[in-house]
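So you can see what is in the structure, the chains are spelled out below.
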Amino acid sequence: MAVNEINGSGGIPGSGTTRRQLALLSCDAQVDPLRAARHLAIDLRVPAIIGGNASQTAYDVTKDISAPNGTMLFSPSAIASDIVGLDSHGLTRLMVATDVQRIPVMINEINRLETQLKASRGKSQLKLAIYYRNDLTGTGTNVGLAQRLQFNGQTVNTNIVNHLIRADGYDPAIATMNGWIDRETINAYTTTVAGDPASPFMPDIVVLAGASEATAGFLAPLED
């Protein structure tokens, strides 16, 4: 839409009175996003790339491909603050808030729900599950919550010792497989194990720190 709007108004300024049209090239990055980025930045020498969507992809592309080749990278959904720490020469731009910037907002929402659920369920303590994608997309959020969240009036580590918080990471390489469901973690949350006082975990609140596969492969079947 933006390309059509710009081109429809005559394009972008060039030298003198000349104006240039923009061209948008789409590359299939589903199988190998780094291969697609190399093709765009090295083979075709495009001035800018829109992507990658996942934080790990944006990090790897910036470090190995786009920044070394002088290519701009605009990521519409990457959130890892580690990307900001890369020396990209100002060429990589994140278009949404980083995980560090999101943590205070997430903590406020978790604590608001904590207060609400304790009152409605008549509980003095609640259980919280943090389910995160085990790459830059989720680990930064998990670490940030572990460092700063107060839940049940205690730190995350104290809650973990008391079996009131648990954090589970999932492998994105497995999670993107067709029909994937994380039965192991779901069973840990819902099934009683003989001799294990912490089973079933049965969280009151679940925090998802990942991509869409966490909803289809974990949260929806957990709710069922």
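For the structure itself, consult the block above.
Residues numbered from 1 in each chain as written. Predicted model: local features only at pLDDT ≥ 70, side-chain atom pairs only at ≥ 80, totals over all residues. Heavy atoms only, no water.

Peer 1: Help me out: how do you make sense of the layout of surface pockets in this one?
Peer 2: Gaps between atoms show up when a probe of the same size as a water molecule is rolled over them. The computed volume of the largest pocket comes to approximately 1,300 Å³. For the largest pocket, the lining is made up of 38 residues, of which Ile49, Ile50, Gly51, Gly52 and Asn53 are closest to its centre. Secondary-structure elements contributing two or more residues to the lining of the largest pocket are helix 1 (2-8), helix 2 (33-43), strand 3 (48-50), helix 3 (55-66) and helix 8 (172-175). When residues in the lining of the largest pocket are grouped by element, the largest group, 4 residues, is from helix 2. Class assignment for the residues of the lining of the largest pocket results in 27 nonpolar, 9 polar and 2 charged. Approximately 270 Å³ is the volume found for the second largest pocket. Taken together, Lys123, Gln125, Lys127, Thr190, Met202, Pro203, Asp204, Val206, Leu219, Leu222 and Glu223 make up the full set of residues lining the second largest pocket. Broken down by element, the residue count for the lining of the second largest pocket peaks at 3 residues, all from helix 10 (residues 213-223). Across the lining of the second largest pocket, the residue classes tally to 5 nonpolar, 2 polar and 4 charged. (1 Å grid on protein atoms, 1.4 Å probe; cavity = no way out; pocket = protein on both sides within 12 Å on 5 of 7 lines; lining within 4 Å. Points joined across faces, edges and corners; volume = space filled by probe spheres on them. Helix = DSSP H or I, 4+ residues; strand = E, 2+ residues; numbered from the N terminus. Nonpolar A, V, L, I, M, F, W, Y, C, P; charged D, E, K, R; others polar.)

Peer 1: Can you help me understand the nonpolar core in this one?
Peer 2: The nonpolar side chains of a soluble globular protein tend to be buried, and buried together. Membership of the largest hydrophobic core comes to 14 residues, with the highest contact counts inside it found for Ile110, Leu128, Leu145, Leu149, Phe151 and Ile165. Elements with a minimum of two residues in this core: helix 5 (99-121), strand 6 (128-133) and strand 10 (205-209). Sorting elements by how many residues they give to this core places helix 5 first, with 4 residues. Setting aside chain neighbours within four positions, we find Leu128 in contact with Leu149, Phe151, Leu164, Ile165, Arg166, Phe201, Pro203, Ile205 and Val207. Counting residues in hydrophobic clusters, the runner-up holds 13 residues, among them Ala37, Ala41, Val46 and Val61. (Core = buried A, V, L, I, M, F, W, Y, C linked by side-chain atoms within 4.5 Å. Buried < 20%, exposed > 50% of the residue type's maximum accessible area, 1.4 Å probe, protein only. Contact = heavy atoms within 4.5 Å.)

Peer 1: Sorry if this is basic, but what is going on with the sheet that holds strand 5 (residues 92-94) here?
Peer 2: In a beta sheet, neighbouring strands are held together by backbone hydrogen bonds and run either parallel or antiparallel to one another. Read from one edge to the other, the open sheet built from 3 strands follows the order 3-4-5, with strand pairing classed as parallel. Both outer strands of the open sheet, strand 3 and strand 5, are each paired with one neighbouring strand and no more. The sheet shows a mean angle of 15° between the axes of neighbouring strands, taken without regard to direction. The pairing of strand 4 (residues 72-75) with strand 5 spans 3 bridges and is parallel. Looking at strand 5, one finds that Leu73 is bridged to Thr92. (Pairing = 2+ DSSP bridges. Axes fitted to C-alpha atoms, helices over the stretch in contact; angles between N-to-C directions.)

Peer 1: So what exactly am I meant to see when it comes to the pattern of salt bridges here?
Peer 2: Under the defined criterion, the tally for this structure stands at 8 salt bridges. In this structure, the salt-bridge partner of Asp204 is Arg121, at a minimum N-O distance of 2.8 Å. Note that Asp204 is positioned in the loop between helix 9 (183-190) and strand 10 and Arg121 in helix 5, a separation of 83 residues in sequence. The class for Asp204 is buried, based on a relative accessible area of 15%. Given the relative accessible area of 45%, Arg121 is considered partly exposed. (Salt bridge = Lys/Arg side-chain N within 4 Å of Asp/Glu carboxyl O.)

Peer 1: Could you clarify how one ought to interpret the sheet that holds strand 10 in this entry?
Peer 2: Within the open sheet, the 3 strands sit side by side as 9-6-10. Their pairing is parallel. With one partner strand each, in any of the chains shown, strand 9 (165-170) and strand 10 form the two edges of the open sheet. Strand-to-strand twist of the sheet, defined as the mean angle between neighbouring strand axes without regard to direction, takes the value 15°. With 5 bridges connecting them, strand 6 and strand 10 associate as parallel partners.

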